[in-house]
Protein chains: 2
Amino acid sequence: MAGVSPRTVSNVVNGYARVTESTRLKVEQAIAQLGYRPNVLARHLATGRSGQIVVVVPYIDTPYFAELLQAIIPVARQAGYNVLIDQSDGDREHEGQLIGPHSHRSLFDGMIYSPLGLSQQDLSNRDPALPLVVIGERTSAANFDHVGIDDVAASTEAVRHLVSLGRRRIAAIGDQPYPTGEAAQRRTAGFRAAHAEAGLEVDESLIVSTPRFNRVDGAEAMKALLELDSPPDSVFCYSDLVASGAIHTALARGLRVPEDIAVIGYDDIEDGRYNRPTISTISPDKREIARLAVERLVMRIGSKEPVPGVDLKAGYRLVARESTTGSY
Amino acid sequence: MAGVSPRTVSNVVNGYARVTESTRLKVEQAIAQLGYRPNVLARHLATGRSGQIVVVVPYIDTPYFAELLQAIIPVARQAGYNVLIDQSDGDREHEGQLIGPHSHRSLFDGMIYSPLGLSQQDLSNRDPALPLVVIGERTSAANFDHVGIDDVAASTEAVRHLVSLGRRRIAAIGDQPYPTGEAAQRRTAGFRAAHAEAGLEVDESLIVSTPRFNRVDGAEAMKALLELDSPPDSVFCYSDLVASGAIHTALARGLRVPEDIAVIGYDDIEDGRYNRPTISTISPDKREIARLAVERLVMRIGSKEPVPGVDLKAGYRLVARESTTGSY
DNA sequence: CTGAAAGCGCTAACAT
DNA sequence: ATGTTAGCGCTTTCAG
């Protein structure tokens, strides 16, 4: 209809080569008139790419991951990719299967992965043909990238905030002193750094470990802390969910938050803004994380040569809300 | 390698026509030896199907939907379909766009849809070429199916349970007396039915509406109920999240659950099993819902002629936990 | 800058 | 029951 060859149409549609303004116009008009839509399936076959990326998170319904997912989807769509969502359940075997050799086979072109059960070791042994970007936990390695915020610095800032409010007996809920708990350990490192900075001693009995980062864990950890002979005057929780549980316990015990005990969380999930009191938190820039991860993954997918793994840091900020400052 | 034609290989791979045992063996051996894997992309192009279905839920991170999603994914995968997840945010416009004409265009073969903002009207006006199964809200229509549980019966049973425990002033939290609140209204209908059955009057002031079915809504509704001159002795909440919020408020007011006020929810989300007290609830058979929805959708996708819309009912059961019985 | 034509790897009507 | 073969609709090498 435009009087040109498929080649030219393809060029116009994909914005490839330089096409004369006049022919481009002709083609675009024909496209509009015909209501033509490229057949995605055919394109996939021709290019050998599925146009899909999969993002694997431990749990879909954990607010932090759900929000991250919601940030990733539009960015990926923008870049021409569809997003497949997979839940690993923090199951080591399942996670291993996902990144194992040929797990994909034309189902997806790359993976954004938030590991829980897998060690750095596992991650490095994976199918090197699978473009991979890891989010949150772990650090990068030779053949994949990592996107996250500076956990140590962010945690230091969170604790520094408590110190600045005059708190001195500061507890930490969420440490995970084992190989797969790297992210938690970085937060503990920040916790210690802030103490050092302020010339405070760390009372080791105030650092409590939890298997996961959810409400129940927070509630029980807080209970333990409140039963100490000398309970803390403030708590740094490694997730907002933990903070929510911890606050719940404190209130149930008749304590006032933040007057009797200040609580700060991590993640800035929406729930925290509606909690009573609203929860102070470290707010990672989820959009930036999403953007960096997708950009990097798309680059990897497009690259012919192997790409060296890099560590990308997104921004974050401290958001002071009622659970520490008490004011509105 | 097996000395047969592509046609035969295709037959074996897809289990199509009758293939001689001997040739099938030869082919299977060759497949194993070569490590052959069918190219999904090519198959898609040849069949004109993408092998993907999309499931649209209002909010990914609402536990009920997240659990439903987790039930659907394996079933769909089993049936050879990949699952795309989309969140509508309960946004009417967005939802309309999703089911509008040509919204899909080879991106997916069918849709499982849990509407929130769309009316029955919108749903019927959609692109009739898109195979559709609706979950939860609404009822079926000429050109799509509906899968759900019998909300009226289930709600009746929930309230009957309260009655059987000797409760007489029973409240309901979650009514939505407007066009898009059909599911809520069915629960209210069950609430009334149980009253009629027991010869109890319905006190209209005990039926409180909420915009959504979440914790905050439940907490605030409960607050209103407790401020009545003659507060209820039990509450039927239209979701477990609502129940969780309601219980929270009750406990914060120093009431005992269930002694002072019994609470029953709906959905049987995992959180309810860990709540303190654990939450009694109506437990829809999510696996059956998933199975029915996928089966029906696959059938629709495969069918050449238009399929009449049907209403499929999945099972459910009453699960009595601490929030009503108090026992463990 | 544009055209011609060869696939991408599979399925399925048609033939035997 | 199995072989032949023509596409599916696009991308892309090679010419011009």
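These notes cover the structure that comes with them. (Residues numbered from 1 in each chain as written. Chains lettered and ligands numbered in written order. Predicted model: local features only at pLDDT ≥ 70, side-chain atom pairs only at ≥ 80, totals over all residues. Heavy atoms only, no water.)

## Topic: the sheet that holds strand S9 (residues 262–266) of chain A
Residues and elements named next belong to chain A. Pairing is mixed across the open sheet formed by six strands, whose spatial order is S7-S6-S8-S9-S10-S12. One side of each edge strand has no neighbouring strand; the edge strands of this open sheet are strand S7 (207–209) and strand S12 (316–319). Within the sheet, the average angular offset between the axes of one strand and its neighbour, ignoring direction, is 15°. Relative to S9, strand S8 (residues 234–237) runs parallel, the two being bridged by three bridges. For Ser234, the partnering residue across the bridge sits in S9 and is Ala262. Against the sheet, helix H7 (residues 151–164) makes contact with strand S6 (170–175), S8, S9, strand S10 (280–284) and S12, and its axis sits at roughly 165° relative to S9, the strand it touches most. (Pairing = 2+ DSSP bridges. Helix = DSSP H or I, 4+ residues; strand = E, 2+ residues; numbered from the N terminus. Axes fitted to C-alpha atoms, helices over the stretch in contact; angles between N-to-C directions. Contact = heavy atoms within 4.5 Å.)

## Quick word on the protein's contact with DNA strand D
The environment of DNA strand D is formed by 23 residues, the closest being Arg7 and Tyr36 of chain A together with Ser5, Thr8 and Thr20 of chain B. Of everything in DNA strand D that lies within 4 Å of the protein, sugar and phosphate atoms constitute 67%. Between DNA strand D and Asn39 of chain A there is a distance of 2.9 Å, counted from a phosphate oxygen to a backbone nitrogen or oxygen. Between DNA strand D and Ala46 of chain B there is a distance of 3.5 Å, counted from a base oxygen to a backbone nitrogen or oxygen. Of all the secondary structure elements, the ones that give two or more residues to the surface near DNA strand D are helix H1 (6–14) and helix H3 (40–47) of chain A together with helix H1 (6–14) and helix H3 (40–47) of chain B. Looking at which element gives the most residues to the surface near DNA strand D, the answer is H3 of chain A, with four residues. For the surface near DNA strand D, the class distribution of residues is nine nonpolar, nine polar and five charged. (Near = heavy atom within 4 Å. Polar contact = N/O pair within 3.5 Å; in protein donor to acceptor, adjacent residues only side chain to side chain. Nonpolar A, V, L, I, M, F, W, Y, C, P; charged D, E, K, R; others polar.)

## Examining the pairing of strand S5 (residues 145–149) of chain A
Residue and element names in this part refer to chain A. Burial analysis of S5 places five of its five residues in the buried class, which makes it a mostly covered element. One ladder, built from three bridges, connects strand S4 (residues 132–135) with S5; its direction is parallel. By the bridge assignment, Ile135 is partnered in S5 with Val147. Taken together, the four bridges between S5 and strand S11 (residues 311–314) define a ladder with parallel strand orientation. Bridging from a neighbouring strand, Gly148 pairs with Lys313 of S11. (Buried < 20%, exposed > 50% of the residue type's maximum accessible area, 1.4 Å probe, protein only.)

## Considering the relation of the copies chain A and chain B
Rotating chain A by 180° and moving it 0.0 Å along the rotation axis overlays it on chain B with an RMSD of 0.1 Å. Here the copies are linked by what is in effect a two-fold axis. By C-alpha distance to the rotation axis, the residue of chain A lying nearest is Asp61 of chain A, at 2.2 Å. A shared binding surface is used by both copies, with 100% of the interface residues of chain A retained as interface residues in chain B. (Least-squares fit on C-alpha atoms with pLDDT ≥ 70 in both.)

## Re helix H10 (residues 240–252) of chain A
Because an α-helix packs 3.6 residues into every turn, residues spaced three or four apart end up facing the same way. Residues and elements named next belong to chain A. Given a rise of 1.5 Å per residue, 13 residues ought to cover 18 Å, and the 18 Å separating the end C-alpha atoms of H10 matches this to within 8%. Burial within H10 is extensive, with 10 of its 13 residues counted as buried. Of the positions making up H10, those classed as buried are Asp240, Leu241, Val242, Ala243, Ser244, Gly245, Ala246, Ile247, Thr249 and Ala250. Sitting at the amino-terminal end of H10 is Ser239, which places a side-chain oxygen 3.2 Å from the backbone nitrogen of Leu241. (Expected span 1.5 Å × (residues − 1).)

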